[in-house]
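Inside the fold
Here is what each chain is made of, one letter per residue.
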Amino acid sequence: MRSVGRFAPTPSGRMHLGNLFSALLAWLSVRSQGGELVLRMEDLDTQRTNAGYASQLRRDLTWLGLTWDRETTPQSQRQEAYQAAFRLLEEMGLLYPCYCTRSRLHRIDAPHATDGVYVYDGRCRNRKPEEWAAFGRLPAWRVRVPDREVSLWDGVQGQYIENLARDCGDFVVRRADGVFVYQLAVVVDDARMGVTEVVRGADLLSSTARQLYLYRLLGLPAPKFAHCPLLLAPDGRRLSKRDGDQSLENLRAKYTAEEIVGRLAFAYGLQPEPAPRTPESLIPDFSWDKVPKQDICLPEGLF
């Protein structure tokens, strides 16, 4: 079966070096297998995204030499597909409305999987329908999860195991404002696009068990996963669009596309020195064995 990879950026600002490296790895992985790369704009939250950023993303990727074979419909135009999956989960009796406020969720006296990430305690799981009207507001909708482990083999991080009930609890699939969440949308989209491998940052590894659970419930084929290490600023901070850290807007004023690609390849051990390279020239030497598990701090002065 032919390998199909994807790059799925959120058009909410200019890409930074961390985004670029995920795109480069996704490109190298599928091209080294003679496969196909698909581009998808993840613009579920239309308040944060816009078509202008999406156009700029396409221009930036083309400038870097990270071409794609086809582009699919943006997520904002795929609501019917997400609604169909939502209805299927509803027919299984697995969905329920949740009226918990954001402030209450972050005050939950339950374990937190990571800083700022709560494990839902099931407060609304068994509420009676007659209680719903008393809240006077629209609910989010959660899917019930079983008390069992989900295991996967990640192409970079190795074995990963998560107990859905203990490590995340019932999770939201549609927000109170009607927006379908990432977990549901990405499963529907990747399956419909025929994606066979997903390459993305290690910060999304913990969400993979939830997605595999949804793949199984919806009867959809799951892809292979590879969660690459995050690229950190020299002082150890996470790179962020919000902070403008190493944004491509600034980098394009200082470096050629080949210089950016070559320095990224050096930072992640794909070549021994930060010499200029094109993405195509890296294909023969690409191997997942060269990509480290741990997050990587950019060497001072590399960019």
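Residues numbered from 1 in each chain as written. Predicted model: local features only at pLDDT ≥ 70, side-chain atom pairs only at ≥ 80, totals over all residues. Heavy atoms only, no water.

**Some words on the overall build of the protein chain**
Within the protein chain, the regular secondary structure consists of eleven helices and 14 strands. Against the 2.2 N^0.38 benchmark of 19 Å for 303 residues, the protein chain shows a C-alpha radius of gyration of 20 Å, consistent with a compact globule. Considered along the principal axes of its C-alpha atoms, the protein chain spans approximately 65 × 40 × 40 Å. For the protein chain, the residues scored as buried account for 53% of the 303 residues in total. Surface accessibility of the protein chain: about 14,300 Å² in total, with carbon and sulfur atoms responsible for 49%. (Helix = DSSP H or I, 4+ residues; strand = E, 2+ residues; numbered from the N terminus. Rg over C-alpha atoms; globule rule 2.2 N^0.38 Å. Buried < 20%, exposed > 50% of the residue type's maximum accessible area, 1.4 Å probe, protein only. Areas by Shrake-Rupley, 256 points an atom, 1.4 Å probe, with all protein chains shown as cover.)

**A few points about the environment of Trp141**
Mapped onto the fold, Trp141 is located in strand S7 (residues 140-143). Residue classification places Trp141 among the buried positions, given a relative accessible area of 17%.

**Let's talk about the sheet that holds S7**
Read from one edge to the other, the open sheet built from three strands follows the order S4-S7-S10, with strand pairing classed as antiparallel. The strands lining the two open edges of the sheet, one partner per strand, are strand S4 (95-98) and strand S10 (171-174). Averaged over all neighbouring strand pairs, the angle between strand axes comes to 50 degrees, with direction disregarded. The pairing of S4 with S7 spans four bridges and is classified as antiparallel. Along S7, the bridge assignment pairs Cys98 with Ala140. (Pairing = 2+ DSSP bridges. Axes fitted to C-alpha atoms, helices over the stretch in contact; angles between N-to-C directions.)

**Focus: the pairing of strand S12 (residues 224-228)**
With respect to burial, S12 is a largely interior element, four of its five residues being buried. As paired strands, strand S11 (residues 197-201) and S12 are joined by five bridges and run parallel to one another. Pairing of Arg200 across the sheet is with His227, part of S12. Running through helix H8 (residues 208-218), the crossover from S11 to the neighbouring parallel element S12 is right-handed. (Right-handed = clockwise from strand over helix to strand, strands pointing away.)

**Comments concerning the sheet that holds strand S1 (residues 4-7)**
Pairing in this open sheet of three strands is parallel, and the strands run S1-S2-S3 from one edge to the other. Of all the strands in the sheet, the pair left with one neighbour each is S1 and strand S3 (70-71). Relative to strand S2 (residues 36-39), S1 runs parallel, the two sharing four bridges. Across the sheet, Gly5 pairs through a bridge with Leu37, a residue of S2.

**Re the side chain of Asp43**
For Asp43, the position within the fold is in the loop between S2 and helix H2 (51-64). Arg58 is the oppositely charged side chain nearest to the buried, salt-bridge-free Asp43, at an N-O distance of 7.9 Å. A polar atom in the side chain of Asp43 sits 2.7 Å from the side chain of Ser76. Setting aside chain neighbours within four positions, we find Asp43 in contact with Pro11, Thr49, Pro74, Gln75 and Ser76. (Lys, Arg positive; Asp, Glu negative; His and termini not counted. Salt bridge = Lys/Arg side-chain N within 4 Å of Asp/Glu carboxyl O. Polar contact = N/O pair within 3.5 Å; in protein donor to acceptor, adjacent residues only side chain to side chain. Contact = heavy atoms within 4.5 Å.)

**Remarks on the packing of helix H3 (residues 79-91) against helix H7 (residues 182-192)**
Between two packed helices, what matters for the description is the angle formed by their axes and the separation of those axes. Following both chains from N to C, one finds H3 and H7 inclined at 110 degrees, their axes separated by 10 Å at the closest point. Comparing their axes, H7 and H3 come out roughly perpendicular. In the packing of H3 onto H7, the handedness of the crossing is right-handed. Taking contact as the criterion, the partners of Ala81, Tyr82, Ala85, Phe86 and Leu89 in H3 are, on H7, Leu184, Ala185, Val188, Asp189 and Arg192. For the contact of H3 with H7, a count of residues per class yields eight nonpolar, no polar and two charged. (Parallel < 35°, antiparallel > 145°, perpendicular 65-115°, else oblique. Left-handed = near helix turned anticlockwise from the far one by under 90°. Nonpolar A, V, L, I, M, F, W, Y, C, P; charged D, E, K, R; others polar.)

**Some remarks on the packing of aromatic side chains**
Counted by the stated rule, this structure contains six aromatic pairs. Here the aromatic rings of Tyr255 and Phe303 are separated by 5.8 Å at their centres, their planes lie at 85 degrees, and the arrangement is edge-to-face. With Tyr255 in the loop between helix H9 (248-251) and helix H10 (257-267) and Phe303 in the segment after strand S14 (296-297), this residue pair connects regions lying 48 residues apart in the sequence. In this structure, Tyr255 and Phe303 share a single accessibility class: buried. Consider the rings of Phe286 and Trp288, whose centres lie 5.3 Å apart with planes at 75 degrees: the pair is edge-to-face. The class of Trp288 is partly exposed, set by a relative accessible area of 22%. By the ring-pair criterion, three or more aromatic residues cluster together here, those being Tyr82, Phe86, Trp141 and Phe180. The aromatic ring of Tyr120 is capped on one face by Arg142, whose charged end is 3.6 Å from the ring centroid. A cation over an aromatic ring shows up here: Arg252 above the ring of Trp63, its NZ or CZ 4.1 Å from the ring centre. (Phe/Tyr/Trp six-rings, centres within 6.5 Å; stacked < 30°, edge-to-face > 60°. Lys NZ or Arg CZ within 6 Å of the ring centre and 35° of its normal.)

**Here's the deal with the nonpolar core**
Grouped together as the largest cluster of nonpolar side chains are 45 residues, with contacts concentrated most on Leu17, Ile260, Leu264 and Phe303. Mapped by element, the contributors of at least two residues to this core are helix H1 (17-32), S2, H2, S12, H9 and H10. In terms of residue count, H1 provides more of this core than any other element does, ten residues in total. Setting aside residues no more than four positions away along its own chain, Phe303 makes contact with Leu17, Gln246, Leu251, Tyr255, Ile260, Arg263, Leu264 and Leu298. Counting residues in each nonpolar core, the second largest holds 39 residues, with Ala81, Leu164, Val198 and Leu212 among its members. (Core = buried A, V, L, I, M, F, W, Y, C linked by side-chain atoms within 4.5 Å.)

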